[in-house]
Amino acid sequence: MNIEIIKCHGSNNDFVLIDELFQTYHFSESDRVSIATTLCDRDGLIGADGILFTMPSNHADARMRMFNPDGSEAEMCGNGLRCVGRYVCEKLDRNEIMVETNEADLSVVKKGEIYDDVPAYEVSIEPVRLDPQLFMKTEKKLHVELPIETLSEDLTFTAVSVPNPHLITMVPEIHDENLSSIGKQANEDKNLLPSGVNVSFIQPLGDQKIFVRTYERGVGLTNACGTAMSASSLTTVLLEINQLSKEIYVYNRGGYVICVVEKQGDEYVIKLRGNATYEYKTTLDIDLENKTCKEQSDRVWFEQEKEAYAKLQEHAKEEINLAAHE
Ligand SMILES: N[C@@H](CCC[C@H](N)C(=O)O)C(=O)O
């Protein structure tokens, strides 16, 4: 089966975008799972944190389905939605579209640049829910900065659904081994978290600035996770570390994004703004039965985008260092 792909990223959370909207592929559900496990494999030809299937919708401009490297499907993907949003905006020659996701139709708006020559896309993160029972076995109606003894003796966690499940923890300093071990344990404990969970550590960096590192369900440690950075921003607002309706700069291993947490009546809505950068495009011949693939054409690289993004990353590193020494 020959498939055209675009390798893209949001904050270096990298994806394979496959167009089922303007192309005529006929994938079965098991094909999508095999495509995800084959193409995301870091020891294989491509390697990625997930697959973005860009599909037709019967009421929105497009539909996004996101599959993790282990073949599981996520309810949402914030960094991925910016990439799908960019792709569809460019195809339709529009600056604003609606994308159907598994639980909501979400807006994507092209909004200036997040850094020199790096166009920004802003996506809505909804529905936002603070009911921990949506994904955790608990009697509690709210789980904000409370312990989960089976995961850690000393840390406290906040449970947020956006609408994929997140556990968020504030720490003075991030240690990957600790995050990884809690992330693994949380995803193995099906009695507590039947559908798994994304686990994030937040390190505060000062006024309206945080650093977030995430152990993603179905992946492991990634450079960044858009829904996790949105849930983390909300957590800092709930804990009165950052302010509502004001930009929060969220730094990560792959760059940074800007989040704004708004309250509309009793509901929270989060806006997530960041890059949607293309790395290259190519055509693959995929053998789904044997889970192998071959490249059918030369890669077409988006060199200028790569160079502009490298400068954003340098800038992010300087900002993190500055904040650490303030
Ligand atoms: N990296 C994504 C989230 C991808 C899904 C996640 N691993 C899950 O299973 O919930 C993002 O940018 O939000």
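What you see is a predicted model; the values in this text were computed from it and never measured.

K.L.:
Outline the nonpolar core, supporting the account with residue identities and numerical values.
P.N.:
Membership of the largest hydrophobic core comes to 49 residues, with the highest contact counts inside it found for C8, L52, M64, L81, L234, V250 and I270. The element that contributes the greatest number of residues to this core is helix α2 (residues 78-92), accounting for six residues. Residues in contact with M64, not counting those within four places in the same chain, are L52, F53, M76, C77, G80, L81, V84, V99, E100, T101 and N102.

K.L.:
Can you break down the UniProt feature "active site" (unreviewed entry) in the chain residue by residue, with the values?
P.N.:
Taken from the UniProt record, the annotation "active site" (unreviewed entry) applies to C77 and C225. Considering the C-alpha atoms alone, the annotated residues occupy 149 residues of sequence yet fold into one spot, their largest mutual distance being 7.8 Å. Considering only the residues just annotated, the largest cavity is lined by C77 and C225. Residue placement: C77 occurs in the loop between β5 (73-74) and α2. Here C77 falls in the buried class, since its relative accessible area comes to 7%. The residues touching C77, leaving out its near neighbours within four places in the chain, are F15, L52, M64, M66 and T227. Relative to the assigned elements, C225 resides in the loop between β14 (220-222) and α4 (226-238). Taking the relative accessible area as the measure of exposure, C225 reaches 5% and is therefore buried. Among all residues touching C225, those that are not within four sequence positions of it are N13, N79, H166, T214 and E216.

K.L.:
Break down the pattern of salt bridges for me, citing the residues and quoting the values.
P.N.:
Once the charged atoms of two side chains with opposite charge are near each other, the side chains can pair. Tallied over the entire structure, the rule returns 22 salt bridges. With a shortest N-O distance of 2.7 Å, R65 and E29 are connected by a salt bridge. Taken together, the positions of R65 in strand β4 (residues 62-67) and E29 in helix α1 (residues 29-40) put the pair 36 residues apart, joining distant regions of the chain. Overall, the relative accessible area of 8% leaves R65 in the buried class. A salt bridge links E90 to R86; the nearest nitrogen and oxygen atoms lie 3.0 Å apart. Remark: R86 and E90 occur in helix α2; sequence separation between them is four residues, near one turn of the helix. A residue is classified by how much of its surface remains accessible, and E90, at 44% relative accessible area, is partly exposed.

K.L.:
Explain the environment of G226 to me, and be specific about the residues and the numbers.
P.N.:
Structurally, G226 is set in helix α4. In the structure, G226 is positioned 212 residues away from D14 in sequence and 11 Å away in space, judged by C-alpha atoms. Beyond its immediate chain neighbours, meaning those up to four positions away, G226 contacts N13, G78, N79 and L272.

K.L.:
Break down the packing of aromatic side chains for me, with residues and values.
P.N.:
Enumeration over the complete set of coordinates arrives at eight aromatic pairs. Centroid distance Y249 to Y256: 6.0 Å. Interplanar angle 35°. Geometry classified as tilted. Here Y251 and Y256 contribute two aromatic rings whose centre-to-centre distance is 5.6 Å and whose plane-to-plane angle is 45°, an arrangement assigned as tilted. Aromatic ring contacts, followed pair by pair, group Y25, F27, F53 and F67 into a single cluster. In this structure, R86 is placed above the aromatic ring of Y278, and the distance from its NZ or CZ to the ring centre is 3.5 Å. Sitting over the face of the ring of F22, K91 holds its NZ or CZ atom 5.4 Å from the ring centroid.

Parameters and conventions
Residues numbered from 1 in each chain as written. Predicted model: local features only at pLDDT ≥ 70, side-chain atom pairs only at ≥ 80, totals over all residues. Heavy atoms only, no water. Core = buried A, V, L, I, M, F, W, Y, C linked by side-chain atoms within 4.5 Å. Buried < 20%, exposed > 50% of the residue type's maximum accessible area, 1.4 Å probe, protein only. Helix = DSSP H or I, 4+ residues; strand = E, 2+ residues; numbered from the N terminus. Contact = heavy atoms within 4.5 Å. UniProt positions renumbered as here; feature names shortened; annotations may be inferred. 1 Å grid on protein atoms, 1.4 Å probe; cavity = no way out; pocket = protein on both sides within 12 Å on 5 of 7 lines; lining within 4 Å. Salt bridge = Lys/Arg side-chain N within 4 Å of Asp/Glu carboxyl O. Phe/Tyr/Trp six-rings, centres within 6.5 Å; stacked < 30°, edge-to-face > 60°. Lys NZ or Arg CZ within 6 Å of the ring centre and 35° of its normal.

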